[in-house]
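Structural features, examined
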Amino acid sequence: MKKERPSWDEYFMEIAELVAKRSTCLRRQIGAVIVKDRRILTTGYNGAPSGIPHCSEVGCLREQLQVPSGERHELCRAIHAEQNAIIQAAYHGVSLVGGTCYTTCQPCSLCAKMLINAGIETIIYKGSYPDPLAQEFLDTAGVKTVKFDK
């Protein structure tokens, strides 16, 4: 009996979901995987920068200040999953030009701008995020976005 293999999109999205389990965010656990030619280049999850206490240790600043989701991104101790994936590429000298980003949540406008400038061509996302400006940026820049529905 032959076992059915997942599609490439299913495979990489499942990896993004696994990566999200490392998140230390109390509100939402996000994972990102950047791929080129069916090879994983980098991964990232949302959490505090190295050497800074995680929200899971000291509480959520956004919750304390009652900041709604999708607003005032600067009032957060965490780096977003997509940002961490881009930072890992820079840290290790890996070009992301022409890559695809699989993420468990639609990117915010800050991440969209970074993904555009990193040369990402396609974003495949699972969950929605309340930031219509992000999609406007991606559309204007010609970055293909696909809602993953599996």
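Preceding block: the structure.
What counts, and where the lines are drawn
- Counting restarts for each chain: residues are numbered from 1 in the order of the written sequence.
- Per-residue local features of the predicted model are confined to residues with pLDDT of at least 70, and side-chain atom pairs are confined, for both listing and counting, to 80 or more; whole-chain, interface and lining totals are unaffected and use all residues.
- Note that water and hydrogens are dropped before the side-chain values are worked out from all heavy atoms of the structure.
- The buried label goes to any residue with under 20% of its type's maximum accessible area, the exposed label to any with over 50%, and the partly exposed label to all in between, with areas taken from a 1.4 Å probe on protein chains only.
- Helix numbers and strand numbers start at the N terminus; a helix is a DSSP run of H or I with at least 4 residues, a strand a run of E with at least 2.
- For two strands to be treated as a pair, DSSP must find no fewer than two bridges joining them.
- Crossover handedness is defined here as right-handed if the route from the first strand over the helix to the second strand goes clockwise, with the strands pointing away from the viewer.
- Nonpolar cores were defined as sets of buried Ala, Val, Leu, Ile, Met, Phe, Trp, Tyr and Cys residues, with membership established by side-chain atoms within 4.5 Å.
- Two cysteine sulfurs form what is called a disulfide whenever their separation falls within 2.5 Å.
- Between the first and last residue of a helix there are one fewer steps than residues, each counted as 1.5 Å, and that sum is the expected span.
- Contacts: residue pairs with any heavy atoms within 4.5 Å of one another.
- Whenever a nitrogen or oxygen atom comes within 3.5 Å of another N or O atom, the pair is scored as a polar contact, on the condition that within protein one atom can donate a hydrogen and the other can accept it, and that pairs from neighbouring residues in sequence are kept only if both atoms are in side chains.
- For helices, the fitted line uses only the C-alpha atoms of the stretch in contact; every axis is such a line through C-alpha atoms, and the angle between N-to-C directions lies from 0 to 180 degrees.

Let's talk about the pairing of strand 3 (residues 100-105)
Along strand 3, six of the six residues are buried, which leaves the element largely enclosed by surrounding structure. Taken together, the four bridges between strand 1 (residues 31-36) and strand 3 define a ladder with antiparallel strand orientation. What sits directly across from Ala32, in strand 3, is Thr103. Note that strand 3 and strand 4 (residues 122-127) share five bridges and pair parallel. Within the sheet, the bridge partner assigned to Thr100 lies in strand 4 and is Thr122. Crossover handedness for the path strand 3 to helix 5 (residues 109-118) to strand 4: right-handed.

A look at the nonpolar core
One finds Ile34, Ile86, Leu96, Cys101, Leu115, Ile120 and Ile123 to be the most contacted residues of the largest nonpolar core, which totals 21 residues. Going through the elements one at a time, strand 1, helix 4 (81-92), strand 3, helix 5 and helix 6 (132-141) are the ones with two or more residues in this core. Grouped together as the second largest cluster of nonpolar side chains are 10 residues, Ala16, Val19, Val35 and Ile124 included.

A look at the state of the cysteines
Taken as a whole, this structure holds zero disulfides when the rule is applied. You can see Cys101 has no disulfide; the closest cysteine sulfur is in Cys111, sitting 8.5 Å from it. Exposure remark for Cys101: the relative accessible area of 0% places this residue in the buried category. Considering cysteine sulfurs only, Cys111 is the nearest to Cys108, which forms no disulfide, with 3.7 Å between them. Judged by its relative accessible area of 2%, Cys108 is buried.

Some details on helix 1 (residues 8-20)
An ideal rise of 1.5 Å per residue puts 18 Å on 13 residues; helix 1 measures up with 18 Å between its terminal C-alpha atoms. Turning to helix 1, its buried residues number three or more, namely Glu10, Phe12, Met13, Ile15, Ala16, Val19 and Ala20. Contacts made by the buried residues of helix 1 are with strand 1, strand 2 (39-45), strand 3 and strand 4.

Concerning the side chain of Thr103
Tracing the chain through its elements places Thr103 in strand 3. Overall, the relative accessible area of 0% leaves Thr103 in the buried class. Polar side-chain contacts of Thr103 include one of 3.2 Å to the side chain of Glu82. Engagement of the side chain of Thr103 in a polar contact is seen with the backbone oxygen of Cys105, the distance being 3.1 Å. Not counting residues within four places of it along the chain, the set of residues in contact with Thr103 comprises Met13, Ile30, Gly31, Ala32, Glu82, Ile123, Ile124, Tyr125 and Lys126.

Some details on the pairing of strand 2
Of the strand pairs in this sheet, strand 1 and strand 2 are connected by six bridges, and their pairing is antiparallel. Within strand 2, the residue paired with Ala32 across the bridge is Gly44.

A word on the sheet that holds strand 5 (residues 144-147)
The strand order across the open sheet built from five strands is 2-1-3-4-5, with neighbouring strands paired in mixed fashion. Of all the strands in the sheet, just strand 2 and strand 5 have a single pairing partner and so form its edges. Between one strand and the next, the sheet's axes are offset by a mean angle of 20°, whatever the strand orientation. Its contacts with the sheet put helix 4 on strand 1, strand 2 and strand 3, and the angle it makes with strand 2 is roughly 130°.

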